[in-house]
Amino acid sequence: MNITVTPHDRYTTIGPEGELDANSSVYLDETIRSLIEKNVYNLHINMENVTYISSAGLGVFISFIDEIEQNNGKIILTHLADNVHEVFTILGLDKIDNLKLHQGEIDPSLEF
Amino acid sequence: MINFRALSPKLINGILLIVGILLWIALLGIHVLEQSLSVYASSENWVIGSINYQLIMAGFMVVHAVWIGRIFSNIEKLNVATLMWRLFMIGMVGITLVMLITFANRALVGSTLHRYLVHFFFLLGLYAMMVFFLSATFIFRRFILYPRTKRKILFWRLFLVFLGFSVLQQMGIFLRLFQYQTIIPLRLLGIPIFVILCIVLSTNVRWTAYLNFNQKLRVLGLFALVALVTGTYLIAAYRLPGQLGLETDGLFFSFLLFLVIFTISYTLFSILVLFFNLPTTSIFERESVEIASFNKINQAIQSNLDFSEIIRTLLDASVMAASAQAGWVEMVDEEKGEIQIVATLRTQIDEIEQLKQGNNLTRNIMEDQRHMLIKNIRRHKLFRETEHRFKCLLGVPIVSHNKGYGAVYVVNELTNSFEDVTVNALTTFAEQAGMALENARLIKNNIELERYQEQLKIAKEVQSQLLPSKLPVHPDIQFAARSETAQEVGGDYFDVIQADDHTFRLAIGDVSGKGTTAAFYMAEIKGIFHALTRMDIGVKEFIVTANQALSSCMQHGFFMTLTYLQIDLQKKQVELIRAGHSPAFHFQHDCGEVHMLREGTLGLGIVRNGSYERYVRDVESFTFQSGDFLVLYTDGILEARNEKGEEYGYERLEKAIRTFCEGSVEEMSQGIVESVKTFAHSDLDDDYTVLIVKFP
């Protein structure tokens, strides 16, 4: 899986590409973990090029929620496809304060 | 008519022998009669030499030929040494007889009886000689026809025809039919043609090829003895009539003469062939050892030999085929990745280490996948002028499907002592051994795999007992459920418990992921469900406590969705909390209206600190009426895909439920599962569960 990481002033953009399944989500997990280790807690995840997400893929975001919350950070997901957005919503992830879901494109700098 | 085919071979042989002996006695009778007559008449009128006498003589010979031919024609397994030994013994018995005749003759000279006895002696000598040469001829026939070919059989028949002619000629039939002048050229022509035929037959010595050095030496000795016996007989045949004072043409009847020519010819050829083949025999022996080793390794591939047996076989075969002084095998240790000496022959590990001085010979050979022939170790760069008793080394990689297992080495104290032939043989051996090792490895893996499958089967059985086998039965509420796992074990869970006479508690859940990990957490949630439903707590408290319990034991990144219901039949009220799980359907008034119970909270194990309670706000609480029903399910149903990649989805599910509205809860649950399977055109690749609750 190809993942682009673009640092900005107040946040870092992560762009995973392809299918987020049990195998590929390991790489996304590593990417986010390395950022958190550098005390980067404001993450913008561009889901534009993600075609599919499995429960293991969801698990990656879920596993960092507590840590991000404790450090007053935030995860913003943008460009969520309809079905992916539905999965996130059903799971109740839309209710989490420091996890924001956007189906379209927004300016992430406004969120942080 | 007697049916000869019905008689046993032994009986026929017995009859032949008796007839033969009777004929011989008849001959003796004629001789004795002649002797007594000759006292009065001149020898010119003797019957001996007449047609009648020769007819009996011919009969005597032919009967014996058939008898001996029969005895030696049924030898199934050709054992040259045994047959030659038997022939020699037959010859020796005959020679002893001839010697006894000679002594007896000398002792009895001058007596009245002697005049008659000489005829007995003469015929006895003839008998011994004929038996020997007939035996030799028919034993050699077996040698010649090894193996039988059409051409050889043809030549043999021609030989028999000549023998037949010799009998006829002896009977004087030709003299009667033709003029003497016609017979002379026939005789002159016949003998050389017969000699040529004998020589042609004598070239069939294929059996010599299958003897090893020692066997050849033994058979050569036996042939020499037979040659000696033959020579003795010839001398005896030449001298005996004279000694006996008989005026005959000696024992050289043309029939016997033909047999003698053939016996001498074949014996001579066999001796020559055996003698000149002796030096090359060792090469053939080595070749056959190679073939045997090759077969042994081949067998090792087919049978389930273990690693060490295969390596031992390879090493033994290689050292033998290379005529090497020593050898060893080095193999890669799968776990450590190191190369180790695993087998040695006529050398020790210390000596090999001393020779190699820690060089990477085996790795080089394995990487190149090619043999390495070092003609002089001292001059090779890898060995840095090592002083060692071994001077020449050949290493061959043991490879299969590009996987290197190690290498086999053979060494010699003499420089430059391995040839191309050796390299080829060892390469073949090593390839075969590589395949054998590969097979052994695959079999081992297979056994391990079977063990895992067995374990999984047990896990499946255990897990299937975690799901309720029977659902509660009550006149005012009906339940039906179907659940299946994609792999041996899965992460779907459902359960129904009757708390008191009017309260039911239900759960349906799905652990993220599939397989073994999911199955463990599924067992966990069952424990939590059963513990919490015994306490009289509300749905909100249930879900918060369940989240707490799961968070403490579930691995990071895993989560679980769960829908929990409490049904009060008295109040006709349902309280439902959806923790990230797929929303349930509530059908009212016999499929009239439908509600999707979407209100819910976060899945379990997502937020693991105390803040989870903050998210638990929305609880669905509604009343039901007779004819209402609830459809609960896991996402394996919704996310089932068809060939186009389309998901089954809510709409298809709703439609399917409506199709089975009129049926029982069992029919409905089964109908839904079948609808999903028809849509997906195959077995589903995710766990799925359907749970129907109906208020009749």
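Here the structure is a predicted model, which is why all the values come from computation and not from measurement. (Residues numbered from 1 in each chain as written. Chains lettered and ligands numbered in written order. Predicted model: local features only at pLDDT ≥ 70, side-chain atom pairs only at ≥ 80, totals over all residues.)

Asker: Break down unusual backbone geometry for me, citing the residues and quoting the values.
Answerer: A negative phi angle is the norm for most residues apart from glycine, just as the trans form is the norm for most peptide bonds. Following Tyr146 of chain B, the chain continues to Pro147 of chain B via a peptide bond in cis, the omega torsion being -5°. Here Pro147 of chain B lies in the loop between helix H4 (112-144) and helix H5 (150-170). In this model, Asn72 of chain A sits at a positive phi of 55°, which is unusual for a non-glycine residue. Tracing the sequence through the fold places Asn72 of chain A in the loop between helix H2 (55-70) and strand E5 (74-78). By the C-beta count within 10 Å, which is 9 here, Asn72 of chain A ends up exposed. Positive phi outside glycine occurs at Arg346 of chain B, with the angle close to 60°. Mapping Arg346 of chain B onto the fold places it in the loop between strand E2 (339-345) and helix H11 (349-356). Arg346 of chain B sits in the exposed class, given 12 other C-beta atoms within 10 Å. (Helix = DSSP H or I, 4+ residues; strand = E, 2+ residues; numbered from the N terminus. Buried ≥ 20, exposed ≤ 12 C-beta atoms within 10 Å, placed from the backbone.)

Asker: Which residues make up the sheet that holds strand E8 (residues 503-511) of chain B, and what values do they have?
Answerer: Residues and elements named next belong to chain B. The strand order across the open sheet formed by five strands is E7-E8-E9-E10-E13, and the pairing between neighbours is antiparallel. Because the sheet does not close on itself, it has two edges, and the strands there are strand E7 (492-500) and strand E13 (620-623). Pairs of neighbouring strands in the sheet enclose a mean axial angle of 15°, with direction left out of account. Both E7 and E8 contribute to a ladder of eight bridges, which runs antiparallel. Along E8, the bridge assignment pairs Phe494 with Ile508. (Pairing = 2+ DSSP bridges. Axes fitted to C-alpha atoms, helices over the stretch in contact; angles between N-to-C directions.)

Asker: How would you summarise the confidence of the model for chain B if you had to cite specific residues and measurements?
Answerer: Residue and element names in this part refer to chain B. For chain B, the mean per-residue pLDDT works out to 86, and 94% of the residues sit at or above 70. Considering each helix and strand of chain B separately, the mean pLDDT is smallest for helix H6 (residues 173-177), with a value of 67, and largest for strand E14 (residues 629-633), with 95. Interface confidence in the predicted complex, given as ipTM, is 0.88; pTM for the same model is 0.55. (pLDDT = per-residue confidence, 0-100.)

Asker: Give me the lowdown on the packing of helix H1 (residues 25-37) of chain A against H2 of chain A, citing residues and values where you can.
Answerer: Residue and element names in this part refer to chain A. It is the contact of H1 with H2, at a shortest axis distance of 9 Å, that shows an interaxial angle of 15°. Judged on the interaxial angle alone, H2 and H1 are roughly parallel. The handedness of the crossing between H1 and H2 comes out as right-handed. From H1, Ser25, Leu28, Asp29, Ile32 and Ile36 reach across to H2, where they touch Ala56, Gly57, Val60, Phe64 and Glu67. (Parallel < 35°, antiparallel > 145°, perpendicular 65-115°, else oblique. Left-handed = near helix turned anticlockwise from the far one by under 90°. Contact = placed C-beta atoms within 7 Å.)

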